[in-house]
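# A closer look at the structure
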Amino acid sequence: MMTRHFLSLLDLSPEEFRGIIRRAGELKQLQHRGEIVETLKHRVLGMIFEKSSTRTRVSFEAGMTQLGGAAMFLSPNDTQLGRGEPIEDTARVLSRMVDCVMIRTFEHEKVQRFADYSQVPVINGLTDLVHPCQLLADMQTWFEHRGDIQGKTVAWIGDGNNMCHSYINAARQLDFWLHIACPEGYDPDPQILDPATDRCTLFRDPQQAASGADLIVTDVWASMGQEEEQKQREKDFAGYEVTAALMAQAAPDALFMHCLPAHRGEEVAAEVIDAEDSVVWEEAENRLHAQKALLEFLLT
């Protein structure tokens, strides 16, 4: 049987995407009822982190434990990768010892090369290009609150970054409209955007992008590795903060999401992220349940 990898949302069919969301909801209910589910008993997940993380590490490690398996944290200091071993060689060796590998890194090409030489499923925990695991959690959260997202309108406010790219891919898979508001010079990668122009529209005016939207989403203006650009980005993104006034342009029952960590007073106002229509804390929790469903999908 061919090894399935999860490097982007496009590695799933729309039906598989929705199936993972459904299973994530089931696993969440089971955990909240205190029922034990050990579908991955004795399975081992190797986790390679070249980019640090709170939510990614805790959700994958806790998820594997709850499903009866184990997770192994590997930083560059803990592996030969940090000493110059080729990615291909690490993939050949590690995939003979564990049942699945999750990688959180910078260049997307690294996870692709690793997957090419791995005997076991490889999960993209984040690259500079896409962040598909976060979208599983975001969509689970939407489905829990509002049902299927097909035909709805999502407004992305901010940088055309890896999160924006993953929303573009989700729009293609789940058939929703995506309004993208970003300053000039910060547009999404054309290779990601061009195949989705029937679903996505670019705006320079955040208020216009938010008009009538069912979901408003943003992210930090300077991601990890872009700290030197912080001051310039603050100038370039002036006017792109998600405020109560911007939320008022959206549909009356619109939700707000943010993948976290958030910088209150920069990309989002405190009153927005802490409001009743903000679902960021459930969104963060759902990283756990969505990734458990993904692990089951790849390993059982």
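For the structure, check the block above.
Summarised in this report is the structure supplied together with it. (Residues numbered from 1 in each chain as written. Predicted model: local features only at pLDDT ≥ 70, side-chain atom pairs only at ≥ 80, totals over all residues. Heavy atoms only, no water.)

## Focus: the state of the cysteines
One pass over the structure, following the stated rule, counts zero disulfides. The cysteine Cys-200 is free of any disulfide, with Cys-164 supplying the nearest cysteine sulfur at 7.7 Å. Overall, Cys-200 belongs to the buried group, its relative accessible area being 7%. (Disulfide = S-S within 2.5 Å. Buried < 20%, exposed > 50% of the residue type's maximum accessible area, 1.4 Å probe, protein only.)

## Quick look at helix α4 (residues 108-116)
Turning to α4, its buried residues are His-108, Val-111, Phe-114 and Ala-115. Buried residues along α4 cover an arc of 125° about the axis, so they all sit on one side. On its buried side, α4 packs onto β1 (44-49), α3 (87-94), β3 (100-104) and β4 (122-126). (Helix = DSSP H or I, 4+ residues; strand = E, 2+ residues; numbered from the N terminus. Arc of directions from axis to C-beta. Contact = heavy atoms within 4.5 Å.)

## Considering the side chain of Asp-219
Inspection of the secondary structure puts Asp-219 in the loop between β8 (215-218) and α9 (230-236). An unpaired buried charge is present at Asp-219: no salt bridge exists, and Arg-55, the closest side chain of opposite charge, is 8.8 Å distant. A distance of 3.1 Å separates the side chain of Asp-219 from the side chain of Asn-161, its partner in a polar contact. Ignoring any residue separated from it by four or fewer positions in sequence, one finds Asp-219 in contact with Trp-156, Ile-157, Asn-161, Met-163, His-258, Cys-259 and Glu-267. (Lys, Arg positive; Asp, Glu negative; His and termini not counted. Salt bridge = Lys/Arg side-chain N within 4 Å of Asp/Glu carboxyl O. Polar contact = N/O pair within 3.5 Å; in protein donor to acceptor, adjacent residues only side chain to side chain.)

## So, the packing of aromatic side chains
Inspection of the entire model under this criterion finds five aromatic pairs. Taking the centre distance of 5.9 Å and the plane angle of 35° together, the rings of Trp-156 and Tyr-167 count as tilted. Note that Trp-156 is positioned in strand β5 (residues 153-157) and Tyr-167 in helix α6 (residues 162-174), a separation of 11 residues in sequence. Accessibility classification places Trp-156 together with Tyr-167 in one group, the buried group. What links up through ring pairs into an aromatic cluster is the set Tyr-186, Trp-221, Phe-237 and Tyr-240. (Phe/Tyr/Trp six-rings, centres within 6.5 Å; stacked < 30°, edge-to-face > 60°.)

## Topic: the pattern of salt bridges
Evaluated as defined, the whole model comprises 20 salt bridges. Taking the shortest distance from any N to any O, the salt bridge between Arg-92 and Asp-89 comes out at 3.0 Å. Of this pair, Arg-92 and Asp-89 both sit in helix α3, three residues apart, which is roughly one turn of that helix. Under the relative-accessibility criterion, Asp-89 is labelled partly exposed at 30%. In this structure, Asp-187 and Arg-204 form a salt bridge, with 2.7 Å as the shortest nitrogen-oxygen distance. Taken together, the residues span a long stretch of sequence, with Asp-187 in the loop between β6 (177-181) and α7 (190-193) and Arg-204 in the loop between β7 (200-203) and α8 (206-210) at a distance of 17 residues. Given the relative accessible area of 33%, Asp-187 is considered partly exposed. Note on Arg-204: relative accessible area 39%, which makes it partly exposed. When salt bridges that share partners are traced, they join Arg-23, Glu-26 and Glu-296 into one network.

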